[in-house]
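Listed below are the residues making up each chain.
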Amino acid sequence: MMRSISVLAGREFVAQLRSGTLILVGVVAPVLLAVLFGFALGGGDSTEPSRVGVVDLDGGEFASSMQDEVLASEELTDIITLEEVGTVSEAQGAVDSGELGSAIVFTEGFTQTVRAGEGGVVEVLESASNPVAATVATSVVDQMSALVQARTLSVRAATAAGVPESEVQVCVEANGADGPSLSLVDAAMADGAVDMSVFYASGIAALFAFLVVGTAARSILAERRIGVLARVQASPVPGWALVLSKAIVGFGAALLSMCSTWIASVLIFGESWGDPPAVFLLFAAHCLAATALTMLVASGARTDAQADGYVLVLSFAFGFLGGSLIPIFQLPEALQILSRFTPNGWTANGLGSLVVSGGGVDSILLPVAVLLAIAAVAALAAGLRFRKGLLR
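Concerning the overall build of the protein chain
Turning to step 1, where the next piece is worked out: The helix and strand tally for the protein chain stands at 16 helices and six strands.
Turning to step 2, where the next piece is worked out: Relative to its 392 residues, the protein chain shows a buried fraction of 49%.

Here it is as structure tokens:
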């Protein structure tokens, strides 16, 4: 059976290559649009630093030194400005109203627990209306955690060496145990702005994944019309093998399309999309979801032309709602909620974490899990519909 599926998939792949569909729709069109949008609309989307509130419930020297680290970083001062806030409730209110982009909270006893070698807790209050500020603040807190870990280890070493408690901080700083400096390394963020060439290129890549799979889904109905499906069903090969082979080719073509747009964007604009293995994993999950959803809508079409219409509506609806065409935070609140039900929205969410915070695979586990869940549900529904209609 696997041999039959491989033969059918190979035939579909060769057919798409010969017709030029794979090259034109999968590579040339998305890469060209990404480049044009990048040159026309690329660059930073903001020139003003994000306002980040600081709630210091600790009041100790370690919490203060953490804030000094941020203020001493030339890179971070171009991206965020720190503003003192008295209480957590005041900070949350300012974040909710949009007065602050986000807020960092040093919990009570932070200095004491760090001094005791037990680490410390720093929280982030986020705003859905300003995800850039929230992501930057989260990235800064993540790097603060590295500083806390380094200082915690140093405190333990100093304590074990018999250094008096009142002299521990002086000893730690005098021996260069401040840990790594705070910065946003290798991210598509410079001078306080997220480069929009990455946004447009990634959005176009996510949108075209549906259009590319649509060419494979369309061919199922075209082959039914010309009698190929009937001949396959009359042979020992079951009809579902033809559908599965089309889905495999569609998935591979969509992944090739997204990776081509990604590589072209990086080479032309020089902006990183984040950790490469994590980006590839996110793209693979998106393509699985796109393949399953496209096959689902195609299973309800009666003609190949009708399938084209369904796929176009699906592609651009998800592209609009999922932030492929317009940043999600610029959409009305109701549409922002709907974006959580689209694969494009979760792909944009995951890529945003990779680009801004410089995270790895562990930072996109939730988006990938949601995309795989969408793919599984849609694939099951598509299989049932094909079996009930097209393959009966």
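A word on the sheet that holds strand 4 (residues 122-126)
Turning to step 1, where the next piece is worked out: With mixed pairing, four strands are arranged side by side in an open sheet as 2-1-3-4. The sheet terminates laterally at strand 2 (80-84) and strand 4, the two strands that pair on one side only. On average, adjacent strands in this sheet sit at an angle of 25 degrees to one another, irrespective of strand direction.
Turning to step 2, where the next piece is worked out: Of the pairings in the sheet, the one linking strand 1 (residues 50-56) to strand 2 comprises five bridges and is parallel in character. What sits directly across from Val52, in strand 2, is Leu82.
Turning to step 3, where the next piece is worked out: Running at roughly 35 degrees to strand 4, helix 5 (residues 88-97) makes contact with strand 1, strand 3 (102-106) and strand 4 of the sheet.

Thoughts on the packing of aromatic side chains
Turning to step 1, where the next piece is worked out: Under the defined criterion, the tally for this structure stands at six aromatic pairs.
Turning to step 2, where the next piece is worked out: Ring centres of Trp262 and Phe283 lie 5.7 Å apart, and the angle between their planes is 90 degrees; on these two criteria the pair is classed as edge-to-face. With Trp262 in helix 11 (residues 239-269) and Phe283 in helix 12 (residues 276-298), the pair connects residues that are 21 residues apart, well separated along the chain.
Turning to step 3, where the next piece is worked out: Residue classification places Trp262 among the buried residues on the basis of a relative accessible area of 13%.
Turning to step 4, where the next piece is worked out: Phe283 sits in the buried class, given a relative accessible area of 1%.
Turning to step 5, where the next piece is worked out: Measuring from centroid to centroid gives 6.0 Å for Trp273 and Phe283, while their planes differ by 85 degrees, and the two rings are edge-to-face. Of this pair, Trp273 sits in the loop between helix 11 and helix 12 while Phe283 sits in helix 12, placing them ten residues apart in sequence.

Some thoughts on the confidence of the model for the protein chain
Turning to step 1, where the next piece is worked out: For the protein chain, the mean per-residue pLDDT works out to 78, and 71% of the residues sit at or above 70.
Turning to step 2, where the next piece is worked out: The secondary structure element of the protein chain with the lowest average pLDDT is strand 5 (residues 189-190), at 39, and the one with the highest is helix 12, at 94.
Turning to step 3, where the next piece is worked out: Low pLDDT, under 50, characterises residues 176-194; the predicted model gives this stretch 61 contacts beyond four residues in sequence or across chains.

Looking at helix 16 (residues 365-388)
Turning to step 1, where the next piece is worked out: With 24 residues, helix 16 extends 35 Å between its outermost C-alpha atoms, agreeing within 8% with the 34 Å of an ideal straight helix rising 1.5 Å per residue.
Turning to step 2, where the next piece is worked out: Of the residues making up helix 16, those classed as buried are Pro367, Val368, Val370, Leu371, Ile374, Ala375, Ala378, Ala382 and Phe386.

Focus on helix 2 (residues 21-41)
Turning to step 1, where the next piece is worked out: Here helix 2 is 21 residues long and its end C-alpha atoms lie 28 Å apart, about the 30 Å a rise of 1.5 Å per residue gives.
Turning to step 2, where the next piece is worked out: At Val28, helix 2 shows its largest bend, some 30 degrees, and a proline, Pro30, comes one to four positions later.
Turning to step 3, where the next piece is worked out: Residues Leu22, Gly26, Pro30, Val31, Ala34, Val35 and Gly38 constitute the buried set of helix 2.

About the cut-offs
All chains use their own residue numbering, which begins from 1 and follows the written sequence. Only residues with pLDDT of at least 70 are given local features in this predicted model, and only at 80 or more are side-chain atom pairs given and counted; all residues enter the totals for whole chains, interfaces and linings. Values shown for side chains rest on all heavy atoms present in the structure; no hydrogens or waters enter the calculation. Counting from the N terminus, the helices are DSSP H or I runs at least four residues long and the strands are E runs at least two residues long. Burial here depends on accessible area, computed with a 1.4 Å probe over protein chains only, as a share of the maximum for the residue type. Under 20% is buried, over 50% is exposed, and the range in between is partly exposed. Pairing between strands requires that DSSP locate at least two bridges from one strand to the other. Note on definitions: angles span 0 to 180 degrees between N-to-C directions of axes, and those axes are lines fitted to C-alpha atoms, for helices only across the stretch in contact. By definition, residues are in contact when any of their heavy atoms lie within 4.5 Å. Side-chain rings of Phe, Tyr and Trp (the six-membered ring for Trp) are treated as a pair once their centres are within 6.5 Å; stacked means planes under 30 degrees apart, edge-to-face means over 60, and tilted covers the remaining angles. Values of pLDDT, the confidence the predictor places in each residue, fall between 0 and 100. Each helix should span, by expectation, one fewer than its residue count multiplied by 1.5 Å. At any given residue, the bend is defined as the angle formed between two axes, one fitted to the seven residues that end at that position and one fitted to the seven that begin there.

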